[in-house]
Amino acid sequence: MREAPVRGFSSKPPKARWLLLDEIGEMPAGMQAKLLRALQERTVRPVGGDQEQPFDARIIAATNRDLESEVEEKRFREDLFYRINVVRIHVPPLRARGSDILLLAQSFLQRYQSNGQERVIGIKSTAADKLLSYPWPGNVRELQNCMERCVALAQFDHVGVDDLPERVRDFKSSRITIESSNPSELLPMDEVERRYILRVLEAVGGNKTLAAQVLGFDRRTLYRKLERCRDAVPQKRESHGLGSVSA
C-alpha cells in the first residue's frame, strides 16, 4: 500500500497494535482493494521496499457515512465492508445526544480558561437553548470551536446568545408543532409523514439504516418512502399549522 504507509514497521516481528482507519467511507476504490488485500494477507510493503512485511494490528474503522448504502450504490466494496464490519459501535451524532451537548460545552469552557482563571463560568439559559436546538453538522469539533470562541469573546462571566457564532445564534429549528385548532390549517397524514421522515434523517445525520430503525421500517420501505418524498409537492407551505417552523 504505497499510498498509505504505516509508520513504525521494522524487520522484526511486530507486536500487536491498534490501527485507526478514520473516514474509511471516503477511501477511493483503488485504495479499498489494496486495503482489503493487506487485511486478508496481513502483510504490507513499506514505501521504498521490495518485500512484503507481516503486521499484527487490531483494526478500528470510523466513518460518518452509511456504508451499507454506499455498498448498494457501488461506492464501497462489499467484501471490504464485511471484512471490517465485525463489531459495530454506533456513536450518535451530537445533535441526537440531548443534554450531553451542555455537559460537553461546560467542559470546553473550563478547558479554555487562560492561566487557570475561570473568567467565564457558565452558560445562560437562552444560550443553552440555542446550543440544544442547533444541529451541529460538525459534531463535537464544531461545539469545541464554538466554546473556545465564546471564552475568547464573552464580555461577562456567563455565555449569552450574543457570544455564540452567528450560525448558531441565527439557526431556526424545524421541529413539528401544532399551533392551530382550525382543521383547514392542518396537513394531511402523507405530508406529516414526509416531514417526519426527513426530520428523522436530519437528526441521525443522513444514516438511512439508523433512520429505518428509528422509524420502525425496513430499509427497502424507507427507500420507497424517500422516493415518494422526492416526488411529492408539499401542501400549504404558507400554513402556520402542523409542521411550521418554530424558533
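One structure accompanies this document, and this report is about it. (Residues numbered from 1 in each chain as written. Predicted model: local features only at pLDDT ≥ 70, side-chain atom pairs only at ≥ 80, totals over all residues. Heavy atoms only, no water.)

Glancing now at helix α8 (residues 189-203). Here α8 spans 21 Å end to end across 15 residues, near enough to the 21 Å set by a 1.5 Å rise per residue. Every buried residue of α8 is listed here: Glu-191, Val-192, Arg-194, Arg-195, Ile-197, Val-200 and Leu-201. Just downstream of α8 lies Gly-205, where phi reads positive at about 70°. (Helix = DSSP H or I, 4+ residues; strand = E, 2+ residues; numbered from the N terminus. Expected span 1.5 Å × (residues − 1). Buried < 20%, exposed > 50% of the residue type's maximum accessible area, 1.4 Å probe, protein only.)

Moving on: the environment of Gln-32. The topology assignment puts Gln-32 in helix α1 (residues 29-41). For Gln-32, the contacting residues outside a window of four places in its chain are Met-27, Arg-75, Phe-76, Arg-77 and Leu-80. In this structure the side chain of Gln-32 is engaged in a polar contact, spanning 3.4 Å, whose partner is the backbone oxygen of Arg-75. For Gln-32, the side chain forms a polar contact with the main-chain nitrogen of Arg-77, separated by 2.8 Å. (Contact = heavy atoms within 4.5 Å. Polar contact = N/O pair within 3.5 Å; in protein donor to acceptor, adjacent residues only side chain to side chain.)

Once that is clear, we can look at unusual backbone geometry. A positive phi angle, near 65°, is found at Lys-74, a position not held by glycine. Counting through the fold element by element, Lys-74 comes out in the loop between α2 (67-72) and α3 (78-84). Owing to a relative accessible area of 75%, Lys-74 belongs among the exposed residues under this scheme. One non-glycine residue with positive phi stands out, namely Asn-139, at about 55°. If you trace the backbone, Asn-139 turns up in helix α6 (residues 139-153). Classification of Asn-139 as partly exposed rests on a relative accessible area of 30%.

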